[in-house]
Amino acid sequence: QSVLTQPPSVSAAPGQSVTISCSGNTSNIGSNYVSWYRQFPGAAPKLLIYENKQRSSGTPDRFSASKSGTSATLAITGLQTGDEGDYYCVTSDRTGSPARLIGGGTKLTVL
Amino acid sequence: EVQLVESGGGPVQPDKSLRLSCAGSGFSFDEYALHWVRQAPGRGLEWVAGISWNSGNIAYAGSVKGRFIISRDNAKNSLYLQMNSLRRDDSALYYCVRDVDLQPTAPMGHFDYWGQGTHVTVSS
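None of these values were measured; they are calculated from a predicted model. (Residues numbered from 1 in each chain as written. Chains lettered and ligands numbered in written order. Predicted model: local features only at pLDDT ≥ 70, side-chain atom pairs only at ≥ 80, totals over all residues. Heavy atoms only, no water.)

1. Observations concerning the pattern of salt bridges
All names here are of chain B. If you walk through the whole model with that rule in mind, you get 8 salt bridges over all chains. Among the ionic pairs, glutamate 46 bridges to arginine 38, the shortest N-O distance being 2.7 Å. With a relative accessible area of 30%, glutamate 46 lands in the partly exposed category. The partner of aspartate 90 in a salt bridge is arginine 38, with the nearest N and O atoms 2.9 Å apart. Separated by 52 residues along the polypeptide, aspartate 90 in the loop between β8 (78-83) and β9 (92-99) and arginine 38 in strand β4 (residues 34-39) bring together distant segments of the chain. Neither aspartate 90 nor arginine 38 differs from the other in exposure class; each is buried. Three or more residues are tied together by salt bridges with common partners; here these are Arg38, Glu46, Arg67 and Asp90. (Salt bridge = Lys/Arg side-chain N within 4 Å of Asp/Glu carboxyl O. Buried < 20%, exposed > 50% of the residue type's maximum accessible area, 1.4 Å probe, protein only. Helix = DSSP H or I, 4+ residues; strand = E, 2+ residues; numbered from the N terminus.)

2. Brief notes about the side chain of B:Ser52
Residue and element names in this part refer to chain B. Among the structural elements, serine 52 can be located in the loop between β5 (45-51) and β6 (58-60). Within the local environment of serine 52, its side chain forms a polar contact with the side chain of asparagine 54, the two groups lying 3.0 Å apart. In this structure, serine 52 is in contact with Ala33, Asn57, Arg72, Leu102, Gln103 and Pro104, ignoring residues within four places of it in sequence. (Polar contact = N/O pair within 3.5 Å; in protein donor to acceptor, adjacent residues only side chain to side chain. Contact = heavy atoms within 4.5 Å.)

Here's what the structure looks like:
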């Protein structure tokens, strides 16, 4: 059971938009930056967003993210079937232990 | 090209030990913190341990603290994970992951490169 709470799954039709939430507390998200990763089946995760809202090289501008208080949100617009996968949020803990916290993951299905 | 290649996984009996290795190339190995992240079959990602560029700052997840030891040899561009007293719930794909920061606990740090992982199966 992760300290960072993500919805287990989200779904939407091609062309539509979806948001994935990541909820934490003042010791983790509230005090640190959040990054987002996508994992396709059988592959290693890949960085999408870092420092709350900065897109990694190669991340389409259809992907955006934000942080407010103790929660973070990843938004994807113009959904494509290729966006299907598992999405994870990651942050740190103010105490340094654990060093990194990973959300439980959200499976995105493009209907 | 940045590459992280894990090795050392395999089947192991409960309570036994196993040592994972990760060979880094394509970057200045001693300028980055490194982590181990694992993923049990059909489950999500779990951060396991992290180590600073000079091994001066080390952190563990509560689930492995006291059983696992993370270390690195910058001269050999290698990261290690010594896993002792293995349990069935340690069975997972173990990823070697690079952090953008020197420290594994840096607030602005994040994972920028991942290896392909090495499988560990703990079973009698």
